[in-house]
Amino acid sequence: MRDSGGTWVSDSQGPVQSGPGGQYNYLTYLIGASGRPADAGADPLQVAVEHRKELHKRFVPPRNYGDAVERMAAPGTVVLLDGPRGSGRRTAAVMMLHQLGSMEGRFEELAADESGLDAAPGDRFFLDLSSSTDDEYLTVQRNIASYRAVVQDRGARLVVVLPAGLEYLLDPELVPLVVRLGRPRGGAVLGRHLRVDGIAFESEQLADPGLAELLSRSPMRELARLAGMIRRARDTGHYGADFPSWCAEAIAAVTNRTGEVARQVKTHHTAHERALLLTAAMLEGASADAVFHGTRSLLKQLGEEPSETSRLTQPDFGEQLQSLHIKRSRESRVGFQGLAYDGAVRTHFWANFPDLRQDLRDWVGDCARLPGLSADDRRKLVVRFAEQCLAAGCPEHLCTLAERWTCSMPLKPLRAESAAALERGLSHERYGARFRGQIYDWVTAPRLSADFARVLTGVCLRVMASTHPDQALVRLHHLALRRGGDEIGEARAALLELARRSRRLYRLLVDRLHVRLRTRPRPNLALLNELAEPVPLPFGPPWPELRRSWRTLLTERTTVNWAPGVRHWLTAVQEDERCTPVLDVLPEAASGRADVLNRLYVISCDWAQTDTMSQELPRATRAAIAAQFWQKIDSAQDAGTIDGAPDASDSGEIQ
C-alpha cells in the first residue's frame, strides 16, 4: 500500500495562524539554484517544533478543551474531537499533544488510509478526518479501533479530529471517546493574534459593528486571516497610523474586494485590459517592464490578435495602468491601491474563467522565464499560482509545471520554482497526500531528468521529511537506486542524512535495505555499507542494527568493499571510547565464518601498524585496541555460530 508510513506533524497551520481553526500548513524554505534550500543546514524537525511553539503563543482554547486535555493526561489514551466547522478542532488536537511537553516520543500525523501503527511509549499521534466523506469515514473507523488497541498497549496517545455533522455514522463503541468542542470567542482569538504581533488596541475597538459581525460568525482561519491583514495594513504604512484605520482597511480586504473586482472586470471588458489586470495581480511588486511583457505573453497564449491600430496612437503603458487603477512606484514597481486587492483579482479570474485555467497554467510556465523577473518575483508568482490552483481543485497543474520547469531542454531549468510548487502542494491540507503519491510515481518512473531528480531530492529531505519522514525515506531510497550521474549521489547522501536523524528511521532503512537485497543487491549493499560507517549520530551507535548490517556485509560483499569500514570503526574506537562495543559487534557478525574472522584479524594487524598523523593517538594505543579486538575474534572462533538477526519481512512495508 502506498504511503502507509507514519507522518510527522510540524504544525497544523502556517506560521501566521493565530488561534484555533484549520488552515493550510506552508513550511517555507528558501530554495537555491540547485533545488536545495538555502538553509540546508537547518533541522526541519526543529523547525517543526518551533512552528508548534509559535502556534501555542497564539492559541485560544475552544470550549470543553479542558475536558479533552484531562482525558489525554494518562498514557495509552485515545480522544476523538468533534465540533462545528471552524471551531478549531485541528489546532486543538495539535495543541493537546504539544502541551504534553514530552520531547522523547514521536509527534506524528497519521494518514487516513494507514492499516497499521508502530507505537512506543511517549509517542503522540494525530489523525485528521475533518474532510472525510461519508464512505471514507465509515472505512477509517476500523483503523481507529486497531490504533486504539496499539496506543493502549504501548502507552502512546492519539487524538482524532472527526468530520463535522457525521455524528450519526460514528461506531457506538467509539462514542465514549468523544469530546465535543465549542467555538471560542472571536474577540479573544483576534485579540491574541494582535497582541502577539505587537499591535496595540483598546477592547472597545473590537466592538465596532462591522468587526463584531466577523468575530461572531467567522471560522477561526478567517479570523487568522483578518489579523494578518491588520498586520499588513500596519506594516505597509499606507493605511493610516492607528488601529481603527488598519482595521477598517483589513475588514474591507476580507469582505468587499470580491464585489469591487467584479465591477472593475465588468467595466473593463477588452482582452487587453483584462490581461493587464490579471498580469499585474500575478506579478504584483515586479517591474513595470515585466508586467508589460507578461501581458503580451498572456494575450499570445490566449490567441488574442494584436490591435491593428498603430502602436504610437494607442495609450502609453502608464495610461493603461492608470485606467485600471494600478499604481507604479518611483522604482517602477507595479501594485494596487487597496489592501489584498491583487489577491481578489487572481481569485476572480480563476473562479470565473474555468475554461482558461489550462491556458493560464501554460502562461505561468512561460511567464516564470521572463528576463525582467527577479528570483523573489518568480517565487511570488509560483506561490500565487499554487494558491489559485489548489483553491480551484486543480493540483495537477502544479505537478505539470514542476516537471516542465526542469525538463524543458534546452531552456535553463527552474529548479527553485519547481521545488516551490511542490512544497505548496505537499503542505496543502487537502492535497498533500496526492502530491506525496505523485512524487512516488515520479521517483519510480522509468525516466526522470537529472534536474528534476535534484528537485525531488531536496523536496523529500527538506519538506516531506518534516511532516512524513517515513514516506520521504522511501522516495529517497527509490531515487538513490536510479541510474544517473551526480544527482543520484545527492539522493544517496540525502537518504543517509535522513536515516541518521533518528533511531527509528535508521532501523527503518536497515530493514528496507535488507528486504530490497533480493531484487537489487548491489546498490542496496552499497547503501548498507555507507550506513554502517561510524559517523556522529544524535542517538548513539545503534548496535543491534549495526550487528545485523555487518553480518550481511561480511557475508555478501568482498573484503575490498568492507575492509575500509572496519578500519574506520577501529579508528573510531581509538578516538571515542563509546564506540568500543564495535569490538564485539564485528566478530559476532562474522561468527561461524572462519575465513572472515581471519580477514578481520589481518586487517586489524595492518591497522595497528599504520602510523597516525596525530601525536595524541600513538601507535601504542592502536596496538592495545587491536589486541582487545583479537581476543574478541578468538572468542568468536571458539563460540562457533552465533545466531544472527532475522531477516525483515515484506509485511507492512511502506511505499
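Residues numbered from 1 in each chain as written. Predicted model: local features only at pLDDT ≥ 70, side-chain atom pairs only at ≥ 80, totals over all residues. Heavy atoms only, no water.

**Considerations on the overall build of the protein chain**
Where we set the bar: The helix and strand labels rest on DSSP assignments: H or I over at least four residues marks a helix, E over at least two residues marks a strand, and numbering proceeds from the N terminus. Buried residues are those whose accessible area, probed at 1.4 Å on protein chains only, stays under 20% of the maximum for their type, while exposed residues exceed 50% and partly exposed ones sit between those limits. Only heavy atoms matter for contacts: two residues are in contact if any of them lie within 4.5 Å across the pair. Where accessible areas are quoted, they stem from the Shrake-Rupley method and a 1.4 Å probe; at the residue level, only the protein chains shown are allowed to cover.
Along the backbone of the protein chain there are 28 helices and eight strands. By residue count, 53% of the 655 residues in the protein chain fall in the buried class. A separation of at least 24 residues holds for 75% of the contacts in the protein chain among residues at least 6 apart in sequence. Surface exposure of the protein chain reaches about 29,100 Å², of which carbon and sulfur atoms provide 50%.

**Section: the side chain of Arg-106**
To keep it simple, the criterion reads: Pairs of N or O atoms within 3.5 Å make up the polar contacts considered here, provided that, within protein, one atom can donate a hydrogen while the other can accept it, and that residues adjacent in sequence are counted only when both atoms are side-chain atoms.
By the secondary structure assignment, Arg-106 is in the loop between helix 3 (89-98) and strand 3 (107-109). Reaching out from Arg-106, the side chain makes a polar contact with the side chain of Glu-108 at a distance of 2.4 Å. Reaching out from Arg-106, the side chain makes a polar contact with the side chain of Asp-123 at a distance of 2.9 Å.

**So, the packing of helix 23 (residues 521-531) against helix 24 (residues 543-556)**
Stated formally: Geometry is summarised by axes, namely lines fitted to C-alpha atoms with helices restricted to the contacting stretch, and by angles between N-to-C directions that run from 0 to 180 degrees. Orientation labels follow simple angle bins: below 35 degrees gives roughly parallel, above 145 gives roughly antiparallel, 65 to 115 gives roughly perpendicular, and whatever is left gives oblique. For a crossing to be left-handed, the near helix must be turned anticlockwise from the far one by less than a right angle; the clockwise case is right-handed. When residues are grouped by polarity, Ala, Val, Leu, Ile, Met, Phe, Trp, Tyr, Cys and Pro land in nonpolar, Asp, Glu, Lys and Arg in charged, and all others, Gly among them, in polar.
Between helix 23 and helix 24, whose axes approach to 10 Å, the crossing angle comes to 130°. The orientation of helix 23 with respect to helix 24, classified from their angle, is oblique. In this structure, the crossing between helix 23 and helix 24 has a hand that is left-handed. For the pair helix 23 and helix 24, the contacting residues are Leu-525, Leu-528 and Asn-529 in the first and Ser-549, Thr-552, Leu-553 and Glu-556 in the second. Of the residues belonging to the contact of helix 23 with helix 24, the class tally is three nonpolar, three polar and one charged.

**Observations regarding the environment of Leu-461**
Turning to its location among the elements, Leu-461 is positioned in helix 19 (residues 450-462). Each C-alpha atom, one on Leu-461 and one on Leu-495, is 7.8 Å from the other, the two residues being 34 residues apart in sequence.

**Observations concerning the pattern of salt bridges**
Rules: Any Lys or Arg side-chain nitrogen located within 4 Å of an Asp or Glu carboxyl oxygen qualifies as a salt bridge.
Inspection of the entire model under this criterion finds 40 salt bridges. Residues Glu-429 and Arg-90 are paired through a salt bridge, measuring 3.9 Å at the closest nitrogen-oxygen approach. Highlighted residues: Glu-429 in the loop between helix 17 (415-426) and helix 18 (432-443) and Arg-90 in helix 3, separated in sequence by 339 residues. Relative accessible area serves as the criterion here: at 34%, Glu-429 is assigned to the partly exposed category. For Arg-90, a relative accessible area of 10% translates into the label buried. Residues Arg-106 and Asp-123 are paired through a salt bridge, measuring 2.9 Å at the closest nitrogen-oxygen approach. Taken as a pair, Arg-106 in the loop between helix 3 and strand 3 and Asp-123 in the loop between strand 3 and strand 4 (124-128) lie far apart in primary sequence, 17 residues in all. For the pair shown, Arg-106 and Asp-123 are each scored as buried.

**Looking at unusual backbone geometry**
Of note in the backbone geometry, His-325 takes a positive phi value of approximately 60° without being a glycine. Its place among the elements puts His-325 in the loop between helix 12 (317-323) and strand 7 (326-328). For His-325, a relative accessible area of 56% translates into the label exposed. Located in the positive-phi region is Ala-340, a residue other than glycine, with phi close to 65°. Tracing the backbone shows Ala-340 in the loop between strand 8 (334-336) and helix 13 (341-352).

**Looking at the packing of aromatic side chains**
The condition that has to hold: Ring geometry is summarised as follows: Phe, Tyr and Trp rings, the Trp one being its six-membered ring, pair when their centres sit within 6.5 Å, and such pairs are stacked at plane angles under 30 degrees, edge-to-face over 60 and tilted between the two.
Overall, the coordinates contain ten aromatic pairs when judged by the stated rule. Ring centres 5.2 Å apart and planes at 65° place the aromatic pair Phe-59 and Tyr-65 in the edge-to-face group. For the ring pair Tyr-601 and Trp-630, a centre distance of 5.4 Å and an interplane angle of 50° mean the geometry is tilted. Note that Tyr-601 is positioned in helix 27 (residues 594-609) and Trp-630 in helix 28 (residues 619-639), a separation of 29 residues in sequence.

**Details of the nonpolar core**
As a reminder, the rule being used: Among buried residues, those of type Ala, Val, Leu, Ile, Met, Phe, Trp, Tyr and Cys that are joined through side-chain atoms within 4.5 Å constitute a nonpolar core.
Ile-326, Leu-422, Ile-439 and Trp-550 are the most contacted members of the largest nonpolar core, which has 120 residues in total. Discounting residues that sit within four places of it in the chain, Ile-439 has contacts with Leu-426, Leu-456, Val-459, Cys-460, Met-464 and Arg-475. By size, the runner-up hydrophobic cluster in this structure holds 27 residues, among which are Leu-194, Met-220, Ile-251 and Ala-253.

**A closer look at the pairing of strand 4**
Rules: Following DSSP output, two strands are said to pair if at least two bridges run between them.
In terms of burial, strand 4 is a largely internal element, five of the five residues being buried. The alternating pattern of strand 4 places Arg-124, Phe-126 and Asp-128 on one face and Phe-125 and Leu-127 on the opposite face, and all of these are buried. As paired strands, strand 3 and strand 4 are joined by three bridges and run parallel to one another. Directly across from Phe-107, in strand 4, lies its bridge partner Arg-124.

**Side note on the pairing of strand 5 (residues 157-161)**
With respect to burial, strand 5 is a largely interior element, five of its five residues being buried. The alternating pattern of strand 5 places Arg-157, Val-159 and Val-161 and Leu-158 and Val-160 on opposite faces, both of which are buried. Pairing between strand 2 (residues 77-82) and strand 5: five bridges, direction parallel. Following the sheet pairing, Thr-77 is matched in strand 5 by Arg-157. Direction of pairing for strand 4 relative to strand 5: parallel, over a ladder of five bridges. Bridge pairing in strand 5 links Phe-126 to Val-159.

**Quick look at helix 8 (residues 243-255)**
Formally: Each helix should span, by expectation, one fewer than its residue count multiplied by 1.5 Å.
Helix length check: helix 8 (13 residues) gives 18 Å between terminal C-alpha atoms against 18 Å at 1.5 Å per residue, within 8%. Taken together, the buried residues of helix 8 touch helix 5 (186-196), helix 6 (209-217), helix 7 (220-236) and helix 9 (257-267).

**Overview of the confidence of the model for the protein chain**
The following threshold applies: For every residue, the predictor assigns a confidence score, pLDDT, that lies between 0 and 100.
Of all residues in the protein chain, 87% attain a pLDDT of 70 or more, and the chain-wide mean is 86. Counting contacts from residues 1-42, a segment whose pLDDT is below 50, to residues more than four positions away or on other chains yields 184 contacts.

**Some remarks on the packing of helix 7 against helix 8**
At a closest axis distance of 8 Å, the pairing of helix 7 and helix 8 adopts a crossing angle of 125°. Accordingly, the angle class assigned to the pair helix 7 and helix 8 is oblique. The crossing of helix 7 and helix 8 is right-handed. Across the interface between the two elements, Arg-225, Leu-226, Met-229, Ile-230, Ala-233 and Arg-234 of helix 7 pack against Phe-243, Trp-246, Cys-247, Ala-250, Ile-251, Ala-253 and Val-254 of helix 8. Taken together, the residues of the contact of helix 7 with helix 8 sort by class into eleven nonpolar, no polar and two charged.

**A few points about the environment of Ala-532**
Within the fold, Ala-532 resides in the loop between helix 23 and helix 24. Once the C-alpha coordinates of Ala-532 and Val-510 are considered, the two residues, 22 residues apart in sequence, prove to be 9.4 Å apart. Setting aside residues no more than four positions away along its own chain, Ala-532 makes contact with Tyr-506, Leu-546, Ser-549, Trp-550, Leu-553 and Trp-569.

**Observations regarding helix 18**
Here helix 18 contains twelve residues, and its C-alpha end-to-end distance of 17 Å stays within 8% of the 16 Å for a straight helix at 1.5 Å per residue. For helix 18, every residue scored as buried is listed here: Gly-432, Phe-435, Arg-436, Gly-437, Ile-439, Tyr-440, Trp-442 and Val-443. Looking at the buried residues of helix 18, the elements they touch are helix 15 (375-391), helix 16 (395-407), helix 17, helix 19 and helix 20 (469-480).

**Structural notes on the state of the cysteines**
Filter applied, for reference: Note on terminology: pairs of cysteine sulfur atoms within 2.5 Å are recorded as disulfides.
Tallied over the entire structure, the rule returns zero disulfides. The structure places no disulfide on Cys-399, whose sulfur is separated from the nearest cysteine sulfur, that of Cys-389, by 9.7 Å. Looking at Cys-399, the relative accessible area reads 11%, which means it is buried.

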